[in-house]
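Fold and contact review
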Amino acid sequence: MTSSKALGGSSRFDPDMRLLDTKRSGRVVWTINGSISSESNVVIFVERVPTKDGRVGFSDNCSEDEENSKGLVKIEESISGCSMAINPDEIERLEYDEPGSVGATTSMVGSTSVIHVSAFAVCVPRIYLKTLVALIEKGVSTKEMRLMVRVMRHTMAIRRQLNASILTSFLQQSLPAGSEPLSRLVPYLSQEEEKDMDIDAPSPPGQSQPPAKQNILPEVEIYAYLLTLIFLIDQKQYEAAKTLSVLAVKRVQNFNRRTLDVLAARLYFYFSYSFELAGCLSEIRSSLLALHRTATLRHDELGQETLLNLLLRNYLAYNLYDQAEKLRSKTQRVEAHSNQQLCRYLYYLGRIRTIQLEYTDAKECLLQAARKAPSTARGFRIQCNKWAVIVRLLLGEIPERTTFMQQGMQKALRPYFELTNAVRIGDLELFRSVAENKASTFSADKTQNLIVRLRHNVIRTGLRNISISYSRISLADVAAKLHLQSATAVADAESIVTKAIRDGGIDATVDHANGWMQSKETGDIYSTQEPQTAFHSRIAFCLNTYNEAVKALRFPPDAHKKELESAEKRRERQQQEQELAKHIAEEDDDEF
Amino acid sequence: MEAKLADATRLFQKFKAAFQQNDLETCSNLLSQLKVKLTEFPALPPLYKQTPTAIQELLLAMDIFEHAIVLSVKMEDQDAFERHFLQVKPFYTDTRGLIPQSQEEYSILGLNLLRLLVQNRIAEFHTELELLPSEAHEHPCIKHAVELEQSFMEGAYNRVLSARQAVPHETYVYFMDLLAKTVRDEIAGCSEKAYDFLTVADAKKILMFSTDRELQEYATEEHPDWEIRNGCVYFQKVKDSATCKEIPSLQLINQTLGYATELERIV
C-alpha cells in the first residue's frame, strides 16, 4: 500500500515522497524522463493523489480505491511493451551516478509539481539491463575501461531484483536468435523458472521484441554469460554454476580484446567462487594458473591482478602459505587497477606475512586493506581487523578500544577483545582461559596457531609492566608475578629476562650474583631525535596523500584545447582592435 | 610393471636388512639404486598416472623415502634430509585420497619441524605448522616440536635443554644435540646484553661448559670482545650514546628543502 512498495520494493523514493507531502498541491505528477521513448520526454503520467492519512499514493488513471501498488505493475508492463530507444542522457547518468541512486528533480508546471525521475529505469531491471548493454557498447567504441567497471557496479545494484523471466527476455533481446550462446544459456534459466513459482510477470513468448542484431559484440555475449552465472550463484545452483562457468571461461579465452578485460576478470572471479561454494577449490588451481599465464602474455593487467588474488585465495584456503608466497614473490606486480583487488591482495599478503613472522609488514598490509575496503564489505573488514589485532598484539602493541567498537563488528571481535585484554594486563592465567574458551572461534578463523605464539607476548608485557613499576626486583618475585610454574622457575625467569633485554623489550640489567633485575632509568625522549622523525614521517604522509590525490584526478579530454582556441580568438580580437585603432588614427590623419 | 615393482621391493628388502644392521654405507648405495628404480613408476608424483599397481607403487615409494629420511639423520646429513623430506611431502598431502595415512607421518613431520628450528628457520617452521590439521597437534612428536619452539621464543632455555631427555623418537636426539649448540649461542648473545659481568663459575654454568678452558676457547672464538680477568667475564658493551648532542644539520636541511619544494608544487 505504501508508495515504496509500489515502486518495485524499493524504498529509495521515500525522501522524495516526503518532499511532496509538504507541498500538498493536490495533484502531483510523476514523469518518467527519457529512457523509454525518444518521442517525448514525458511518456507516462502517473497521478499521485494524497490519501486520507496524508500519504501519497499512485493512481495510474485508476480509481483511488484500487490497490495502489498495481499502478506500478501497469507501468512496468507498458514499458516492457514499448520499443525501447535509450536516451543518451540515461547512459551518461549511469556513467557518473552511484549505482541505484535516483536522481529526481522537481519543477512546477502551472499549479502542479512535476517530478522528473530520470532514473526510473533503476526500478525496472529490464530497461536497466538494456541501458547497461548500451553502456557496454559505448565503452567498446570509445575503448573506455572505466565504463565497463561502471556496468559491473550497476549490475551489482540490481542483482537482487533479477529473476529468470527478466534474464530470459534479456538474453533473447540481446543475443541473436538461434545463436550458440543463447541456446546454451537459456536452458539454465528455464530449469530455474520451473522451480521459481512466484514469478510475477513471465515473459510472453511472442513478445514484440526488436530483432536482435546479428553480430553481437563479444563483450555483450560475455556479459550475458556473467549475468546468468551470477544469477545461478544467487539461486544456490552451484553445480550448474560450475559447469556454466567452465564454459564461459573457455569462451572468453577465445577473445583477445582489452575491452573485455573487466568483464573477463569478473568472470574469473565467479568461476572461482562457484567452485569454492561447491567445495572443490583445489580442482581449478591449474586452470587458474593457465589463465594467469595467458593474462600475463596478453598484458591483461586487471586479469592478472584478479587471477593472482584468486590463486592466493586458493592456496590459503588449504593453508599452503609456502606456495602462495612463492607465487606472489615470483609474479610480476602490475600497477593496481581495481581497489577491490588491491584490498584482497593486501589482505592475503598480510596473512602470508603474519605466518612468516614479518609482523611489521603484515600490520601495514592488513590495516591498509581494512581501510581501503568499502564500508559495505563488512565481513571482509572484520576478517582484516581480526588478523590486524593479532598482528599488533604479536608486535607488542595494544590496539585501541575503538577498534573493537566499530559499528557492526562488536560481536565478531568480542573474542579478540578479551584476548587483547589478557595480553594488556599481562596475565598468563587469564590468557590461558580465554584461549581455551574461545578455541573454536580461533580455529575457525585459522588464527589458533597465532594465539599460541602470543603466549610469549603476554609474558613480555607482564615483564615490561614489572620493569616499569620496580626499579629493582628479585628474580624470584618476577617468576611469581609471571605465574611461572616449574621446578626451575627462578632460572627460567632469569633467562626470560635476559632474552627480553636482548630483544629490546625492556631496558634493564641483571645482577646474577644477587639474583635481581635492575631497571635502567628511562631517558627523556625529547632529548633524542625521536619526535623529529615522527613529525617528519607524518608530514611526508600528508604530502604523499596530496600528491596521490592530484594524480588520481581525471580531466575531461580536450579541456585544454578550449583555452587554446580562446587564446587564438583573443589574438584575433586584439588584431581587430589594432586595425580599428589604426583606422581611427588614419581617419584622424585624414582630417588634417 | 609388476616385475619392476617386485624388483624394487626386493631391493628395498635388502636395504631394510642393511638398515637394521646400521650398515650405513650399503644403505646409501642401495638407496641411490632404489631412487633410480623409482623414476620408472608412472604413478608417483608429479605424474599420478592411474596404473593398476598405483597404490603399491605409491606405498613403496613413500616407505623408501621415509627410510631415506631416517637414514639421512643417522648419517647426520641435513641437506639430504631436506631433499628427502621434500620428496616425501607430496605423499602426505596430494595422495591423501589414494593411500592410507602413513604411521610415520607425524614423527617425520615433527622431525622436520625440529630441523627448521635448529636451522633457525622460524618462518618456515610456522608455515609448515599451518599445514597440520588440529588433531596433529595432539601427536607427541608434533607437540614436542611446538613446545620447544615456544620455550625457545620465550627464552626459557632450561626447558629446551631438559626436553632432550624426553624425546619422543630416537631419531630426534641428533637434532636435539644440535639444538643445544644453538641454545648456547642464544644464551651467550642474551648474556652479553643483560649482564655487566659474570663470575667464571656462573658463566660456566649458564653457558653449559664443564671446564674453564672450554669457556675460554668459546669466548675467544665466538666473542672476541669478551674479557676474562680476575675470575670474572666482562662483556664489553658498546656504549651507544643515548642522547644526541649534535644537531643533524644535513638531514634537517634536506628535509626542510623537501617540504619547500612540495609546498611550492601545491601553491
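Residues numbered from 1 in each chain as written. Chains lettered and ligands numbered in written order. Predicted model: local features only at pLDDT ≥ 70, side-chain atom pairs only at ≥ 80, totals over all residues.

1. With respect to the overall build of chain B
Along the backbone of chain B there are twelve helices and three strands. When its C-alpha atoms are laid out on the principal axes, chain B stretches across 80 × 70 × 35 Å. Here chain B holds 267 residues, and 31% of them are scored as buried. The long-range fraction of contacts in chain B, counting pairs at least 24 apart against all pairs at least 6 apart in sequence, stands at 54%. (Helix = DSSP H or I, 4+ residues; strand = E, 2+ residues; numbered from the N terminus. Buried ≥ 20, exposed ≤ 12 C-beta atoms within 10 Å, placed from the backbone. Contact = placed C-beta atoms within 7 Å.)

2. Concerning the overall build of chain A
Across its full length, chain A carries 26 helices and eight strands. Looking at the 592 residues of chain A, the share that counts as buried comes to 37%. Across chain A, every contact between residues at least 6 apart in sequence was considered, and the portion connecting residues at least 24 apart equals 62%.

3. Brief notes about the sheet that holds strand β8 (residues 516–519) of chain A
Residue and element names in this part refer to chain A. Here we have three strands laid out as an open sheet, ordered β6-β8-β7, and antiparallel in their pairing. Looking along the sheet, the strands with just one partner apiece sit at the ends: β6 (472–474) and β7 (508–511). Averaged over all neighbouring strand pairs, the angle between strand axes comes to 20 degrees, with direction disregarded. (Pairing = 2+ DSSP bridges. Axes fitted to C-alpha atoms, helices over the stretch in contact; angles between N-to-C directions.)

4. Quick notes on the confidence of the model for chain B
Scored by pLDDT, chain B has a mean of 84; 96% of the residues are at 70 or more. Here the predicted complex carries an ipTM of 0.80, next to a pTM of 0.74. (pLDDT = per-residue confidence, 0-100.)

5. Digging into the pairing of strand β3 (residues 232–235) of chain B
Residues and elements named next belong to chain B. Here strand β1 (residues 197–199) pairs with β3 via three bridges, running antiparallel. Paired with phenylalanine 197 across the strands is tyrosine 234, a residue of β3. Taken together, strand β2 (residues 226–229) and the strand that follows it, β3, pair antiparallel across an intervening segment of two residues, in which asparagine 230 is found at a positive phi of about 55 degrees.

6. Comments concerning the packing of helix α1 (residues 2–20) of chain B against helix α2 (residues 24–38) of chain B
Describing two packed helices takes the angle between their axes plus the distance from one axis to the other. Residue and element names in this part refer to chain B. Running from N to C, α1 and α2 point in directions that differ by 160 degrees, and their axes come no closer than 9 Å. One element, α1, and the other, α2, form an angle in the roughly antiparallel class. The chirality of how α1 crosses α2 is left-handed. Contact residues: Asp7, Ala8, Leu11, Phe12, Lys14, Phe15, Ala18 and Phe19 in α1; Thr26, Cys27, Leu30, Leu31, Gln33, Leu34 and Lys37 in α2. (Parallel < 35°, antiparallel > 145°, perpendicular 65-115°, else oblique. Left-handed = near helix turned anticlockwise from the far one by under 90°.)

7. Describing the domain arrangement of chain A
Looking at chain A, the domain boundaries give domain 1 (3–123), domain 2 (126–197 + 213–337), domain 3 (470–522) and domain 4 (526–549 + 562–587). Look at where the C-alpha atoms of domain 2 of chain A and domain 4 of chain A centre, and you get two points 45 Å apart. (Domains from an automatic or database assignment.)

8. Quick word on the nonpolar core
Judged by nonpolar contacts, the single largest core of 174 residues is most densely connected at A:Leu226, A:Leu229, A:Leu267, A:Tyr268, A:Leu366, A:Val497 and B:Leu117. Broken down by element, the residue count for this core peaks at twelve residues, all from helix α9 (residues 218–234) of chain A. (Core = buried A, V, L, I, M, F, W, Y, C linked by C-beta atoms within 7 Å.)

9. A closer look at the pairing of β7(A)
Residue and element names in this part refer to chain A. Side chains Ala508 and Val510 of β7 all project onto a buried face; the interleaved residues Thr509 and Asp511 project onto a face where none is buried. Here β7 pairs with β8 via four bridges, running antiparallel. Across the sheet, the residue bridging to alanine 508 is serine 519, located in β8. Linking β7 back to β8 in an antiparallel pair, the connection comprises four residues, with glycine 515 at a positive phi of about 70 degrees.

10. Overview of the interface of chain B and chain A
Contacts between the two partners involve 33 residues from chain B and, on the opposite side, 34 residues from chain A. Every element with two or more residues in the side of chain B that touches chain A is listed here: α6 (122–131), α7 (140–154), α8 (157–162), α9 (172–194) and α12 (249–266) of chain B. Looking at the side of chain B that touches chain A element by element, the count peaks at seven residues for α6(B). For the side of chain B that touches chain A, a count of residues per class yields 16 nonpolar, ten polar and seven charged. (Nonpolar A, V, L, I, M, F, W, Y, C, P; charged D, E, K, R; others polar.)

11. Examining unusual backbone geometry
Even without a glycine there, the phi angle at A:Asn319 is positive, about 60 degrees. Tracing the sequence through the fold places A:Asn319 in the loop between α13 (301–317) and α14 (321–330). At B:Met208, a position not held by glycine, the phi torsion is positive, near 65 degrees. Here B:Met208 shows up in the loop between α10 (200–206) and α11 (212–222). Assessed through the 15 C-beta atoms surrounding it within 10 Å, B:Met208 is described here as partly exposed.

12. Remarks on the sheet that holds β3(B)
Residues and elements named next belong to chain B. Ordered by their spatial adjacency, three strands build an open sheet running β1-β3-β2, and the pairing between neighbours is antiparallel. Each having just a single partner strand, β1 and β2 make up the two edges of the open sheet. Ignoring which end each strand starts from, the neighbouring axes of this sheet average 20 degrees apart. Here β2 runs beside β3; their pairing, made up of four bridges, is antiparallel. Note on β3: the bridge partner recorded for glutamate 227 is tyrosine 234.

13. Observations regarding the domain arrangement of chain B
Residues and elements named next belong to chain B. Taken domain by domain, chain B comprises domain 1 (2–194) and domain 2 (195–238). Counting residues at the interface gives six residues for domain 1, matched by eight residues for domain 2. Looking at the side of domain 1 that touches domain 2 residue by residue, the classes come out as three nonpolar, one polar and two charged.

14. Quick notes on the confidence of the model for chain A
Any segment with low pLDDT has predicted coordinates that should not be analysed in fine detail. All names here are of chain A. On average, residues of chain A carry a pLDDT of 75, and 72% of them reach 70 or more. Residue range residues 100–123 is modelled with pLDDT below 50. Its contacts to residues more than four positions away, or to other chains, number 59 contacts. In the predicted structure, residues 195–212 sits below a pLDDT of 50 and forms 22 contacts with residues beyond four places in sequence or in another chain.

15. Digging into the packing of helix α10 (residues 238–253) of chain A against helix α11 (residues 261–277) of chain A
Residues and elements named next belong to chain A. Interhelical geometry of α10 versus α11 gives an angle of 150 degrees and a closest axis separation of 9 Å. Judged by the inter-axis angle, α10 sits roughly antiparallel to α11. Crossing geometry of α10 relative to α11 is assigned as left-handed. In this structure, α10 uses Tyr238, Ala241, Lys242, Ser245, Ala248, Val249 and Val252 to contact α11, whose residues at the interface are Ala264, Leu267, Tyr268, Tyr270, Phe271, Ser274, Phe275 and Leu277. Residue classes in the contact of α10 with α11 are distributed as twelve nonpolar, two polar and one charged.

16. A short note on the environment of B:Gln20
Residue and element names in this part refer to chain B. Considering the arrangement of structural elements, one finds glutamine 20 in helix α1. Given 9 C-beta atoms within 10 Å, glutamine 20 falls into the exposed group. Between the C-alpha atom of glutamine 20 and that of glutamine 103, which follows or precedes it by 83 residues, the distance is 19 Å.

17. Quick notes on helix α24 (residues 489–502) of chain A
Taking 1.5 Å per residue as the helical rise, α24(A) with its 14 residues ought to reach 20 Å, and the 20 Å between its terminal C-alpha atoms agrees with that figure. Where burial is concerned, most of α24(A) is hidden: ten out of the 14 residues are buried. (Expected span 1.5 Å × (residues − 1).)

18. Points about the environment of B:Lys181
Within the secondary structure layout, B:Lys181 lies in helix α9. Linking B:Lys181 and B:Val118, residues 63 residues apart in sequence, is a C-alpha distance of 8.9 Å.

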